[in-house]
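# Examining the three-dimensional arrangement
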Amino acid sequence: MNELAGTSSSPKVMDMATAVSRFVAGGSVVAIEGFTAFICFAAAHEIIRQGKKDLTLVRMTPDLVYDQMVAAGVARKMVFSYLGNPGVGNLHCIRRAVEKGIPQPLELEEYSHFGMVGRYIAGASKLPFFPLRSYTATDLPKANPDIKFLHNPYGEDEIAVVPPINPDVAFLHAQRADAQGNTQLWGLLGMQKEVAFAAKKVVIVVEEIVAEDIIRRDPNRTLIPGLVVDAVVVEPYGAHPSYVQGYYDRDNTAYLEWDKMSRDQASTEAWLQEWVYGVPDRGVYLEKLGKERLATLAPGELWADGVNYGRYA
Amino acid sequence: MDNNDYSPSELMIVNAARALKGSRVVFVGVGLPNIACNLAQRSHAPELELVYESGVYGAHPARLPLSIGDPTLVSDATSVVSMADLFMYYLQGGLVDVALLGGAQIDKYGNLNTTVIGDYAAPKTRLPGSGGACEIAINAHKIFMIMRLKGRAFVNKVDFVTSPGHTADRAGIPGGGPQLVITDRALFDFANEEHEMTLIEIAPGETVDSIQADVGWPLRVSPTLRDMTPPTVDELRIVREELDPTGLYR
């Protein structure tokens, strides 16, 4: 991959350890986003290894990725909208932190999905708030005083509003980017684009780095322009055990095992010791996981047809 | 296969799937709604457009999705959009006919709690929270609840209102609110002036008293109370062989 034109000369291309040490400070507001798909566990594990502290973790669905980070004690606060192990059940480490303060207390700031999406949109477009039809006749505004209602200046009714959010840094996984960070993503787009424009620093993590002309031959697929990207990290299988459309499926066994193992802080710490602290980087994690396990996650093929953009010389 | 041999969960799933008759666009939630909607699409409603909050419109999943963000929802879908587009244009834009929701607690007006049991600041049990449920309950034309009927779920007052049910003031709530509650033991509607949950069907072997025993308020009972319709052989085959071969939902 390093032989690709422009790769070695682009200062944005770096390894995960460099990106995390450069862009995540103690107390940072960090968003590792991706809705069920594209969840960058590689970034989370490196943040844990580097012993970052007092982070505010922002993510619509904390998933296993934040459960692991909370168990490792890197977080002070979490901003979210759905706290579950998707399709499996609860997130035991986060519950333990919230209900019992183990390994340390965790402050929660919660919204609904639409509210979080709206916060990213307002953050990305420099608006003071985002209006949405939600929260009426619920207890969510009592739980979170930042959910407010405004009088509609063009009518008689009221509308809920949520504040903008601009994370200090976002880690966003995708299929491919060029060395400048022009990023193409297909599958569940989630909120990746909105977060990329909202965050102060953006680290793109990709399965593959490709030449610029591959990107420019299909510009409609470029979700995030290099203009807002600060770093590009190449990390194949960096979203395991979540998935990347067309590259690998979710490793559901890992999600089911986490449900059992994470019910106890001691067994969780043993897991972190083995799979996070005990490996120096993602490459060793993958070796440890083994080729056979990764091979079981390969999807069948289903290609889209190409389209003619036309040549207008 | 004998169609008398079915589980309470299967009775609930097939009744939820049948309730989608006549709907075009259904917003699918995680868990039980997922299997019910997939059953509807594979049985009586092949034209049903499945919408998932992950940003999928017109899903045609080749396997039962493991979650609402499963890659099988993307492949062969009609459209995949950002979550911003999904919530703004599809849901808030008023294009969703019906949504299926579940919860840990429900009250007689269909208020749902998926946030906490106990006090919010010092919860006895911390639950997942809203996800998209709050805005779905507010914007979808109709809401069907699908949840198990068991002690402490049907309460006089929910500990936390995550998704609103029927309220006296409908300002700010464009949707029509809860219409049906489909459980493993009984079926309820809200078709009365007060929009209060009313027992309309019970599973074979249940009585009004056995249902009332697990409901935390004096239950209204329909004068035309009848038995829930059992699953057909074909419905059971789709659930067991196609959708849930490992018996996760039995």
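Note: the structure precedes this text.
Computed from a predicted structure; not experimentally measured.

## So, the overall build of chain A
Along its length, chain A carries twelve helices and twelve strands. Relative to the 2.2 N^0.38 estimate, which gives 20 Å for 313 residues, the radius of gyration of chain A is 20 Å and therefore close to what a compact globule would have. Judged by the C-alpha coordinates and their principal axes, chain A covers about 55 × 55 × 35 Å. Scored against the burial criterion, the 313 residues of chain A give a buried share of 58%. Surface exposure of chain A reaches about 13000 Å², of which carbon and sulfur atoms provide 53%.

## Quick notes on the environment of Phe 114 of chain A
Note on placement: Phe 114 of chain A falls in helix H5 (residues 113–124). Classification of Phe 114 of chain A by relative accessible area gives buried; the value is 0%. Sequence-wise, Phe 114 of chain A and Arg 133 of chain A are 19 residues apart; in three dimensions their C-alpha atoms are separated by 9.0 Å. With residues up to four places along the chain from it excluded, the contact list for Phe 114 of chain A reads Phe 130, Leu 132 and Arg 133 of chain A together with Phe 87, Met 88, Gln 92 and Glu 135 of chain B.

## Considering the nonpolar core
The biggest cluster of nonpolar side chains holds 185 residues, and the ones touching the most others in it are Ile 32, Met 69 and Phe 171 of chain A together with Phe 154 and Phe 188 of chain B. When residues of this core are assigned to domains, at least three map to each of domain 1 (14–112 + 166–295) and domain 2 (113–162) of chain A. In contact with Phe 188 of chain B, not counting residues within four places along its chain, are Leu 149, Phe 154, Gln 179, Leu 180, Val 181, Thr 183, Met 197, Thr 198, Leu 199, Ile 200, Ile 211 and Leu 219 of chain B.

## Here we look at the pairing of strand E10 (residues 201–209) of chain A
Residues and elements named next belong to chain A. Within E10, seven of the nine residues are buried, leaving the element largely enclosed by the surrounding structure. As paired strands, strand E8 (residues 169–177) and E10 are joined by eight bridges and run parallel to one another. By the bridge assignment for E10, Ala 177 is matched with Ile 209. In this sheet, strand E12 (residues 231–234) lies alongside E10 in parallel orientation, the contact comprising four bridges. If you follow Val 203 over to E12, its bridge partner there is Ala 231.

## Section: the side chain of His 166 of chain B
Residues and elements named next belong to chain B. Inspection of the secondary structure assignment puts His 166 in the loop between strand E10 (142–146) and strand E11 (178–182). For His 166, a relative accessible area of 9% gives the class buried. Side-chain polar atoms of His 166 contact the backbone oxygen of Pro 178, separated by 2.6 Å. Ignoring anything within four residues of it in the chain, the contact list for His 166 reads Tyr 109, Gly 176, Gly 177, Pro 178, Phe 190 and His 195.

## Digging into the interface of chain A and chain B
Listed as interface residues are 44 residues of chain A and, on the opposing side, 48 residues of chain B. When chain A packs against chain B, close to 3700 Å² is buried across both sides, 63% of that on carbon and sulfur atoms. The largest share of the area that chain A buries against chain B comes from Phe 114, Arg 133 and Leu 188 of chain A, three residues that together contribute 15% of it. For the pair chain A and chain B, the number of links is two salt bridges. Between Asp 249 of chain A and Arg 63 of chain B there is a salt bridge, with its nearest N and O atoms 2.8 Å apart. Scanning the region where chain A abuts chain B turns up 20 residue pairs in polar contact (both at pLDDT 80 or more). For the side of chain A that touches chain B, the secondary-structure elements that each account for two or more residues are helix H4 (92–100), strand E4 (107–110), H5, strand E5 (130–132) and helix H6 (140–143) of chain A. Take the side of chain A that touches chain B: its biggest share by element is five residues, from H5 of chain A. Of the residues in the side of chain A that touches chain B, the class split is 23 nonpolar, 13 polar and eight charged.

## Description of the packing of aromatic side chains
Residue and element names in this part refer to chain A. Inspection of every chain in the model, using the stated rule, returns nine aromatic pairs over all chains. Relative to Trp 271, the ring of Trp 258 lies with its centre 5.1 Å away and its plane at 80°, an arrangement referred to as edge-to-face. Here Trp 271 lies in helix H10 (residues 265–277) and Trp 258 lies in helix H9 (residues 252–261), a separation of 13 residues in the sequence. According to the relative accessible area criterion, Trp 258 is buried, its value standing at 2%. Here Trp 275 and Tyr 285 contribute two aromatic rings whose centre-to-centre distance is 5.5 Å and whose plane-to-plane angle is 70°, an arrangement assigned as edge-to-face. Here Trp 275, found in helix H10, pairs with Tyr 285, found in helix H11 (residues 282–289); they are ten residues apart in sequence, far enough to count as distant.

## Side note on helix H3 (residues 63–71) of chain A
All names here are of chain A. Counting buried residues in H3 gives nine out of nine residues, a clear majority hidden from the surface. Every buried residue belonging to H3 is among Asp 63, Leu 64, Val 65, Tyr 66, Asp 67, Gln 68, Met 69, Val 70 and Ala 71, and all of these are buried. Gly 73 occupies a position one or two residues after H3 and carries a positive phi of about 80°.

## Some details on unusual backbone geometry
A negative phi angle characterises most non-glycine residues, just as the trans form characterises most peptide bonds. Residues and elements named next belong to chain A. In the segment running from Ile 102 into Pro 103, the intervening peptide bond is cis, with an omega of -5°. You can see Pro 103 is positioned in the loop between H4 and E4. The amide bond that connects His 240 to the next residue, Pro 241, takes the cis arrangement and shows omega of 10°. Relative to the helices and strands, Pro 241 resides in the loop between E12 and H9.

## Here's the deal with the pattern of salt bridges
Enumeration according to the criterion identifies 32 salt bridges over all chains in this entry. Measuring nitrogen to oxygen at the nearest pair gives 3.9 Å for the salt bridge that ties Glu 107 of chain A to Lys 77 of chain A. Remark: Lys 77 of chain A occurs in strand E3 (residues 75–80) and Glu 107 of chain A occurs in strand E4; sequence separation between them is 30 residues. Taking the relative accessible area as the measure of exposure, Glu 107 of chain A reaches 40% and is therefore partly exposed. Here Glu 10 of chain B makes a salt bridge to Arg 240 of chain B, at a shortest N to O gap of 2.8 Å. Residue Glu 10 of chain B is found in helix H1 (residues 8–19), and its partner Arg 240 of chain B is found in helix H6 (residues 233–243); the two are separated by 230 residues along the sequence. Here the residues in one salt-bridge network are Arg 76, Lys 77, Glu 107, Glu 109 and Arg 119 of chain A, joined through shared partners.

## Structural notes on the pairing of E11 of chain B
Residues and elements named next belong to chain B. The buried fraction of E11 is high, at four of five residues. When E10 meets E11, the two strands line up parallel, connected through four bridges. Across the sheet, Ile 146 pairs through a bridge with Ile 182, a residue of E11. Where E11 lies against strand E12 (residues 186–189), three bridges are found, and the strand directions are antiparallel.

Scoring rules and cut-offs
- Residues numbered from 1 in each chain as written.
- Chains lettered and ligands numbered in written order.
- Predicted model: local features only at pLDDT ≥ 70, side-chain atom pairs only at ≥ 80, totals over all residues.
- Heavy atoms only, no water.
- Helix = DSSP H or I, 4+ residues; strand = E, 2+ residues; numbered from the N terminus.
- Rg over C-alpha atoms; globule rule 2.2 N^0.38 Å.
- Buried < 20%, exposed > 50% of the residue type's maximum accessible area, 1.4 Å probe, protein only.
- Areas by Shrake-Rupley, 256 points an atom, 1.4 Å probe, with all protein chains shown as cover.
- Contact = heavy atoms within 4.5 Å.
- Core = buried A, V, L, I, M, F, W, Y, C linked by side-chain atoms within 4.5 Å.
- Domains from an automatic or database assignment.
- Pairing = 2+ DSSP bridges.
- Polar contact = N/O pair within 3.5 Å; in protein donor to acceptor, adjacent residues only side chain to side chain.
- Buried area = accessible area lost by both parts, 1.4 Å probe.
- Salt bridge = Lys/Arg side-chain N within 4 Å of Asp/Glu carboxyl O.
- Nonpolar A, V, L, I, M, F, W, Y, C, P; charged D, E, K, R; others polar.
- Phe/Tyr/Trp six-rings, centres within 6.5 Å; stacked < 30°, edge-to-face > 60°.

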